[in-house]
Amino acid sequence: MIPPLQIVTQPTLLEIDSGRAGLSIKQPRGEIQIETSRAKMDITQPRPEMQIDQHDAWRAYNGGTALEMNRQIYSELPRLFLEGLAKRVEQGNRLAAFHLQGNSIGEIYGADWKRDPFVEFRAPASYDNVSIYVQPHKPEINIQQIKPVIQSEQHNPEIEYQPGYLNISVKQYASIKFIPPNIDMTM
């Protein structure tokens with residue numbers, strides 16, 4: 001019988017050592033400056049216009065102009081005429097009934113000592129005779145805008161990088177050994 005052949009193998013052993021890489025990023029804030037000024041404003045307020053019409057008050061006080069007085073008188077004459085005519089008719093009717101007591105000529109015309117009223121040449125008085133008209137005006141507003149002055153300064157990011165490492169070494173190399181059997185040569 002032949003003795004067996006011995007084979008011894010040894011695997012490769014690797015040693016790996018690594019470190020992480022480092023990364024640092026810093027971004028400083030930008031700087032901004034804003035300068036503003038007040039807007040220029042110009043406001044003017046025109047005075048309101050006012051008109052006072054007191055013509056009707058003067059008509060009630062003194063009759064107004066001569067033409068207006070004459071118109072007032074002539075517009076009232078028909079009424080006064082009719083009132084006077086009615087009064088005379090009434091007196092005539094009383095005279096016609098002279099047989100009644102108290103209807104004598106002396107009593108009828110003796111009680112008529114008051115003068116007939118004259119035409120009212122003035123306009124009627126009223127609190128509304130003075131008219132006031134006010135015309136307001138809107139204010140004139142002019143605004144001149146002033147733009148703000150903006151200055152900005154940016155800063156670039158600060159980046160720091162520390163590389164990592166990777167060390168690979170062989171602790172044991174692979175090997176194969178063949179060990180032959182011991183043969184006795186003496187035979």
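Residues numbered from 1 in each chain as written. Predicted model: local features only at pLDDT ≥ 70, side-chain atom pairs only at ≥ 80, totals over all residues. Heavy atoms only, no water.

1. Some details on a nonpolar patch on the surface
1) Next: A cluster of nonpolar side chains, contributed by Leu14, Ile16, Leu166, Ile168, Val170 and Tyr173, occupies part of the molecular surface with about 660 Å² of accessible area.
2) Next: Secondary structure elements with two or more residues in the nonpolar patch: strand E2 (13-19) and strand E11 (165-172).
3) Next: The biggest single contributor to the nonpolar patch is E11, with 3 residues.
4) Next: Of the residues examined, Leu14 reaches a relative accessible area of 53% and is grouped as exposed. (Patch = residues over 30% accessible without salt bridge, like charges linked within 9 Å, V, L, I, M, F, W, Y side chains within 5 Å. Areas by Shrake-Rupley, 256 points an atom, 1.4 Å probe, with all protein chains shown as cover. Salt bridge = Lys/Arg side-chain N within 4 Å of Asp/Glu carboxyl O. Helix = DSSP H or I, 4+ residues; strand = E, 2+ residues; numbered from the N terminus. Buried < 20%, exposed > 50% of the residue type's maximum accessible area, 1.4 Å probe, protein only.)

2. Description of helix H2 (residues 66-96)
1) Next: Between its first and last C-alpha atoms H2 spans 44 Å; for 31 residues at 1.5 Å apiece the expected length is 45 Å, and the two agree.
2) Next: Most pronounced at Leu77, the bend in H2 amounts to some 35 degrees, and the proline Pro78 follows within four residues. (Expected span 1.5 Å × (residues − 1). Bend = angle between axes of the 7 residues up to and from the residue.)

3. Examining the pattern of salt bridges
1) Next: One pass over the full model with this rule turns up 2 salt bridges.
2) Next: Note that Glu76 is salt-bridged to Arg79, the shortest N-O span being 2.7 Å. Residue Glu76 and its partner Arg79 are both found in helix H2; the two are separated by 3 residues, about one turn of the helix.
3) Next: Its relative accessible area of 40% is what places Arg79 among the partly exposed residues.
4) Next: In this structure, Arg79 engages Glu83 in a salt bridge whose closest nitrogen and oxygen atoms are separated by 2.6 Å. Taken together, the positions of Arg79 and Glu83, both in helix H2 and 4 residues apart, correspond to about one turn of that helix.

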